[in-house]
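# Structural overview
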Amino acid sequence: MEDAKTDVSMRARVEHALTELLPSGRTQIEDVARELAVSKRSLQRRLAEEGTSWLEVLNRSRERLARHYLGSTNLGVGEVSFLLGFEDPNSLFRAFQRWTGKTPEAWRANLRA
């Protein structure tokens, strides 16, 4: 079983953990480290070895989930923001514009058109 864990990249393990943890509001690196049974520093070091960082993986996971929620559900932006662990809907709005160049509502409307 231990060998199976090492075959999967730390980034993939963190993304999987975030998929489970974000909707419950657990968005901190300590939450993910605890879930993966590693120290915060080990998690950071392993991600750095893979050429990424905690913040990059968190943002990529949030973007992927935001696109999923907006594209395949009727959840409002406020609800999606909450599920992704943002402090308020404006934080999701700004992040989504950075990721896609569009507002969440415009992206959803474009997708459904």
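Look above for the structure.
Here's what I pulled together on the structure shown here.

Thresholds applied
- Residues numbered from 1 in each chain as written.
- Predicted model: local features only at pLDDT ≥ 70, side-chain atom pairs only at ≥ 80, totals over all residues.
- Heavy atoms only, no water.
- Core = buried A, V, L, I, M, F, W, Y, C linked by side-chain atoms within 4.5 Å.
- Buried < 20%, exposed > 50% of the residue type's maximum accessible area, 1.4 Å probe, protein only.
- Helix = DSSP H or I, 4+ residues; strand = E, 2+ residues; numbered from the N terminus.
- Contact = heavy atoms within 4.5 Å.
- Phe/Tyr/Trp six-rings, centres within 6.5 Å; stacked < 30°, edge-to-face > 60°.
- Axes fitted to C-alpha atoms, helices over the stretch in contact; angles between N-to-C directions.
- Parallel < 35°, antiparallel > 145°, perpendicular 65-115°, else oblique.
- Left-handed = near helix turned anticlockwise from the far one by under 90°.
- Nonpolar A, V, L, I, M, F, W, Y, C, P; charged D, E, K, R; others polar.

For the rest of this paragraph, the subject is the nonpolar core. If you look at the biggest cluster of nonpolar residues, it comprises 29 residues, and the most contacted ones within it are Val14, Leu18, Val32, Leu43, Trp54, Leu84 and Leu92. Among the secondary structure elements, those contributing two or more residues to this core are α2 (10-21), α3 (29-36), α4 (40-49), α5 (54-72), α6 (77-83) and α7 (89-100). For this core, the element with the most residues is α5, which contributes seven residues. Once residues within four sequence positions are removed from consideration, Leu84 is found in contact with Leu22, Thr27, Arg62, Leu65, Ala66, Tyr69 and Leu92.

Let us now look at the packing of aromatic side chains. All chains considered together, the criterion is met by three aromatic pairs. Measuring from centroid to centroid gives 6.2 Å for Phe96 and Trp99, while their planes differ by 70°, and the two rings are edge-to-face. Here Phe96 pairs with Trp99, and both are found in helix α7, just three residues apart, close to one helical turn. Using a relative accessible area of 18% as the deciding quantity, one classes Trp99 as buried. A ring pair is formed by Phe96 and Trp107, whose centres lie 5.6 Å apart and whose planes are at 75°; its orientation type is edge-to-face. Placement of Phe96 in helix α7 and of Trp107 in helix α8 (residues 104-112) is noted, with a sequence separation of eleven residues between them. Across the pair, exposure class does not vary: Phe96 and Trp107 are buried alike. Aromatic ring contacts, followed pair by pair, group Phe86, Phe96, Trp99 and Trp107 into a single cluster.

Two elements in contact, α5 and α8, have axes whose closest approach is 9 Å; the angle formed by their N-to-C orientations is 55°. What the angle tells us is that α5 and α8 run oblique. Classified by chirality, the crossing of α8 by α5 is right-handed. The segment α5 lies against α8, with Arg67, Tyr69, Leu70 and Gly71 engaging Pro104, Trp107, Arg108, Leu111 and Arg112. Counted by class, the contact of α5 with α8 contains five nonpolar, one polar and three charged residues.

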